[in-house]
Amino acid sequence: MSQVTRVFLGAASVCSNGTVYSVVGTTCVAMVANAFCVPVFICCESYKFHERALSICSNKLGDPNDIAKVSRSDLNLKYDATPSDYISMIVTDYGMVLPTSMPAIVGISQRALVN
């Protein structure tokens, strides 16, 4: 990580509070980059913006049978939620925006969909 200058990640969805919902592992990468003071950029189209504020405990579960069959209670996470604290900038079709600006951007994109 000492040779990395910036990290670019994709997103399945970005919520109005700046939380990024993406494939499992995204949060770990963002946390490590943040610990090394490496900026994290999320690339996401505006149609993936969501007005709901997502909490860190909202994760999508996959079929536990898809992973090693150690026990029936194993979890198979498909998506995780990355808090806006670990995100430097969100790259959208509106331009580059701060995660703290997402409520305004979500409002603009929702109005554009209605009109």
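Quick look at the structure, then. Since the model is a prediction, treat every value here as computed from it, not as a measurement. (Residues numbered from 1 in each chain as written. Predicted model: local features only at pLDDT ≥ 70, side-chain atom pairs only at ≥ 80, totals over all residues. Heavy atoms only, no water.)

## Details of the side chain of Thr27
Mapping Thr27 onto the fold places it in helix 1 (residues 26–35). Look at Thr27 and you get buried, because its relative accessible area is 10%. Of note is the side chain of Thr27, whose polar atom sits 3.3 Å from the side chain of Asp80. Those residues in contact with Thr27 that lie beyond four places of it in its chain are Asp80, Ala81, Thr82 and Pro83. (Helix = DSSP H or I, 4+ residues; strand = E, 2+ residues; numbered from the N terminus. Buried < 20%, exposed > 50% of the residue type's maximum accessible area, 1.4 Å probe, protein only. Polar contact = N/O pair within 3.5 Å; in protein donor to acceptor, adjacent residues only side chain to side chain. Contact = heavy atoms within 4.5 Å.)

## A word on the nonpolar core
Val14, Val40, Ile42, Phe49, Ile90 and Met102 are the most contacted members of the largest nonpolar core, which has 18 residues in total. For this core, the secondary structure elements donating two or more residues are strand 1 (7–10), helix 1, strand 4 (40–43) and helix 2 (102–114). The element contributing the most residues to this core is helix 2, with 3 residues. Sequence-distant contacts of Val40, that is, excluding residues within four places in its chain, are made with Val7, Leu9, Ala30, Ala33, Tyr86, Ile87, Ser88 and Met89. (Core = buried A, V, L, I, M, F, W, Y, C linked by side-chain atoms within 4.5 Å.)

## A closer look at the sheet that holds strand 4
Taken in spatial order, the 4 strands line up as 1-4-9-10 in an open sheet, and their pairing is mixed. A single partner strand is all that each edge strand has here, and the edge strands are strand 1 and strand 10 (95–97). Each strand axis lies, on average, 25° off the axis of its neighbour in the sheet, ignoring direction. Relative to strand 4, strand 1 runs parallel, the two sharing 4 bridges. Bridging across to strand 4, Leu9 finds its partner in Ile42. Taken strand by strand, helix 1 contacts strand 1 and strand 4, and its axis lies near 160° from that of strand 1. (Pairing = 2+ DSSP bridges. Axes fitted to C-alpha atoms, helices over the stretch in contact; angles between N-to-C directions.)

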